[in-house]
Number of protein chains: 2
Amino acid sequence: MRWADGFIAADWGTTNRRAYRIDRHGRCEAEFEDGQGILSVPAGGFPAAVAEIRARLGELPLLLAGMIGSNRGWVEAPYVACPASLDDLVAGLAWPDADVAIVPGVSFRDGRRADVMRGEEVQLLGAVADSLVSPDALVCHPGTHNKWALMSGGRIAEFRTVMTGELFNLLKSHSILSELLAAPAAADDAFRAGVREGLGDTDLQAELFAVRARVLLGAVARESAASYTSGLLIGGDVRIGLRDGAPDAVVVMGRPELTALYAAALAEAGVAATELDGETCFLAGIRHIAEHIA
Amino acid sequence: MRWADGFIAADWGTTNRRAYRIDRHGRCEAEFEDGQGILSVPAGGFPAAVAEIRARLGELPLLLAGMIGSNRGWVEAPYVACPASLDDLVAGLAWPDADVAIVPGVSFRDGRRADVMRGEEVQLLGAVADSLVSPDALVCHPGTHNKWALMSGGRIAEFRTVMTGELFNLLKSHSILSELLAAPAAADDAFRAGVREGLGDTDLQAELFAVRARVLLGAVARESAASYTSGLLIGGDVRIGLRDGAPDAVVVMGRPELTALYAAALAEAGVAATELDGETCFLAGIRHIAEHIA
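Quick caveat: nothing in here was measured; it's all calculated off a predicted structure. (Residues numbered from 1 in each chain as written. Chains lettered and ligands numbered in written order. Predicted model: local features only at pLDDT ≥ 70, side-chain atom pairs only at ≥ 80, totals over all residues.)

Asker: Please explain the interface of chain A and chain B as it appears in this structure.
Answerer: Many authors give the size of an interface as the accessible area that is lost as the parts come together. In this assembly, 33 residues from chain A lie in contact with 33 residues from chain B. The set of elements that each furnish at least two residues to the side of chain A that touches chain B consists of strand E8 (106-110), strand E9 (113-117), strand E12 (155-162), helix H4 (164-174), helix H6 (204-216) and helix H7 (225-241) of chain A. Ranked by residue count, the leading element in the side of chain A that touches chain B is H6(A), at nine residues. Taken together, the residues of the side of chain A that touches chain B sort by class into 17 nonpolar, eight polar and eight charged. (Contact = placed C-beta atoms within 7 Å. Helix = DSSP H or I, 4+ residues; strand = E, 2+ residues; numbered from the N terminus. Nonpolar A, V, L, I, M, F, W, Y, C, P; charged D, E, K, R; others polar.)

Quick look at the structure:
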C-alpha cells in the first residue's frame, strides 16, 4: 500500500474514535465516529479493531493519533519533548504494522511542571502548517483536559493542562451538585458571573459548595447553577492560561460548542478570541504528517 | 413515651445512618450503623425505616439529626440561621410524629457567602456544652464536606464549607487519576509536600493533572500520588479555613482517620490542632437537646 494514493486517518481517544478516508488529493471522502475508544478494545484486539475500520473505509494505510499511542493503547509511541515540531512527530512515529503509523504525544518538563498531551499536537501543528494559526501564538484547546499551548517559531514551545472539562463532568455526573448541573450551560449572565468569580481570587473548593447553598437558601435561581458553575471553572481555567501574561488575542481550537464558551470567558478577561474548528485542524495536521511519510 | 426514661438518637445521613440507645442516665447502651441512608428509603418509607430502628433498639422516642431533616429527608426541619445555639436547635425541632423529633440544620449568609450544614451542628454545640471545646474557638470538621466553624460565645457564629472529601472521592472513583489514587493516603512526606503546594498559590485545576503527568514522565514515584493528592486538597482546604486569620490552635473534630490528616496539614501551616472524636461530640450534643425536650 502506498500513502500517496490515499490513507485513513483516525483520532482514537479513550472513549471514542473518529476515522476519515483521505484521497490522493488530500480531500476527506468519507468518515465515521463511534464509541470504540481504546478502553473498549480487549487485550490483543487492536488488529481486529483496525480491520473493522478498513472494512468501513477501505484497504488503505492508517495514520492514528490520540490515546491509541499511550501505554493503554496498541503500541506506545513515546512522548516527543517540547519544543516539538511536525518533523519531530514524524520522526517519533510508532509502527505497529508495516502500513500503520501512530503519532507520538508531546511532553513538557520545567522544574516541578510536568505535562503531557496526545492528539492535540496534531491539531496545533496542523493549524500552523496550514497558516490557520500564527507560528507564534497562544492557543487554548478546550476538551476533557484543556491545553494552553504556547506556539513559538511554529513549534509547541510549552503547554499547561487544566482539568476543567473532566471536573465539570465529575460534578455533573456523580456529585451533590448533579441535579443542579443537569441543565445545559450557556454563555449567559450567570455564566459570565461565574467567569468573573473564577478569574478572581476565588476558592474553588469552597465556591463549588456555595453554588448549592445559595440555591437552597433562595439567594439565586436554581436554573442559573449550571451556567454559573461552568463559568466558574472556565474562568479559573482562563486565569491559569493567562497567568504568564495575557496577549491581545488567543486562538481557541476545538469543538465549536466548547470554543464558544471559552471565547466568551476570554472576552470577560478582555482578551479577543479567534475560534477554530478542531476537526479542520486535525485533518490539516494529519495530511502534513502523511506527506512526510509518502 | 417519656424522653427522661431514655431515647434513641440517630445521625441519619445521605448514604448511611448510625443509631444509639441512650439510657435514663445518658449512657449509650447499644448502637448500630448501616447503609440505610435517606437516599435508600423509598417515598413514604420513613415510618417503616423508623420502625426498623425501634425493632433493633427498643420502643423509645427518637431524636434524629443530619440529612433526614433536609428536603430529601422525611420532614424538612428548616435551617436555623447563624449565630446558632443549642436552644435555637431545640426551638427549631421538627416533629414528624409525637415521639420523633428532627434537629434542624444551620445556615449562614453574608453578602455572596451562603452556607449550610446538617448534622455537624449537633457535634459542634455538644462539644461546647460538654466543655470539650472552648465557647470561642475555630473548629475544623472534616468529612465529605469539611466545615470550618467559628464558635463565639458558645454559638456557631459563622462557617464555611469546603468540598474536599467529595472532590477526592470523585477523583478516586471516576477520574483519570483513579488508578493513582487507589492506594490509601497517609500523612507521609508526599502528603506534606502536597499540603505545602495546597497552602501556597497553587492552581488546583492544573495541579491535579500534573500529578498524573509527573508519574507518566517518571518525575515522581507512582506510589506517592495518593498521599500527594490528598495533601494537595487538604492543604488548599486549610488555606481557605485560615484565610480570615490563623489562631494559635484549632480543634479538629470528626472521624479519627480524617482528623489525623487535617492535624498534620495544620502542623505544616504552623497551627497546633486538638483532635476530638466526632461520635463523642454527637452524643454530647444529642443528650443536651434531649434534656431540653424532657
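Now that the structure has been shown, the text picks up again.
Asker: Help me out: how do you make sense of the packing of helix H4 (residues 164-174) of chain B against helix H7 (residues 225-241) of chain B in this one?
Answerer: Each packed pair of helices is defined by two parameters, the angle between the axes and the distance between the axes. Residue and element names in this part refer to chain B. Where H4 meets H7, the axes come as close as 10 Å, and the angle between the chain directions of the two elements is 155°. One element, H4, and the other, H7, form an angle in the roughly antiparallel class. Remark: the crossing between H4 and H7 carries right-handed chirality. Residue-level inspection shows Thr164, Leu167, Phe168 and Leu171 of H4 in contact with H7, the latter providing Thr229, Ser230, Leu233, Ile234 and Asp237. When the residues that make up the contact of H4 with H7 are grouped by side-chain class, the tally is five nonpolar, three polar and one charged. (Axes fitted to C-alpha atoms, helices over the stretch in contact; angles between N-to-C directions. Parallel < 35°, antiparallel > 145°, perpendicular 65-115°, else oblique. Left-handed = near helix turned anticlockwise from the far one by under 90°.)

Asker: How should I be thinking about the packing of helix H5 (residues 189-199) of chain A against helix H8 (residues 256-268) of chain A in this particular structure?
Answerer: Residues and elements named next belong to chain A. Remark: H5 packs on H8, axes separated minimally by 10 Å, with the N-to-C direction vectors making an angle of 60°. Taken together, H5 and H8 sit at an angle that is classed as oblique. Judged by the twist between their axes, the crossing of H5 over H8 is right-handed. Seen from H5, the contacting residues are Phe191, Arg192, Val195, Arg196 and Leu199; seen from H8, they are Ala264, Ala265 and Glu268. In terms of residue class, the contact of H5 with H8 is made up of five nonpolar, no polar and three charged.

Asker: For this particular structure, what's the right way to read helix H5 (residues 189-199) of chain B?
Answerer: Helical geometry note: an α-helix holds 3.6 residues per turn, so side chains three or four residues apart project in the same direction. Along H5(B), the positions that sit buried rather than exposed are B:Ala190, B:Phe191, B:Gly194, B:Val195, B:Gly198 and B:Leu199. In this fold, the buried residues of H5(B) make contact with H7 and helix H8 (256-268) of chain B. (Buried ≥ 20, exposed ≤ 12 C-beta atoms within 10 Å, placed from the backbone.)

Asker: Just to check I follow, could you spell out the relation of the copies chain A and chain B for this structure?
Answerer: For the pair of chain copies, the relating transformation is a rotation about an axis with a translation along it. Of the transformation placing chain A onto chain B, the axial shift is 0.0 Å and the rotation is 180°, giving an RMSD of 0.0 Å. Expressed as an axis order, the relation between the two copies is that of a two-fold axis. Identified as the residue of chain A closest to the rotation axis by C-alpha distance is A:Leu170, at 3.2 Å. Most of the interface of chain A is mirrored in chain B, where 100% of its interface residues again form contacts. (Least-squares fit on C-alpha atoms with pLDDT ≥ 70 in both.)

Function cannot be inferred from these measures alone, as they are strictly geometric.
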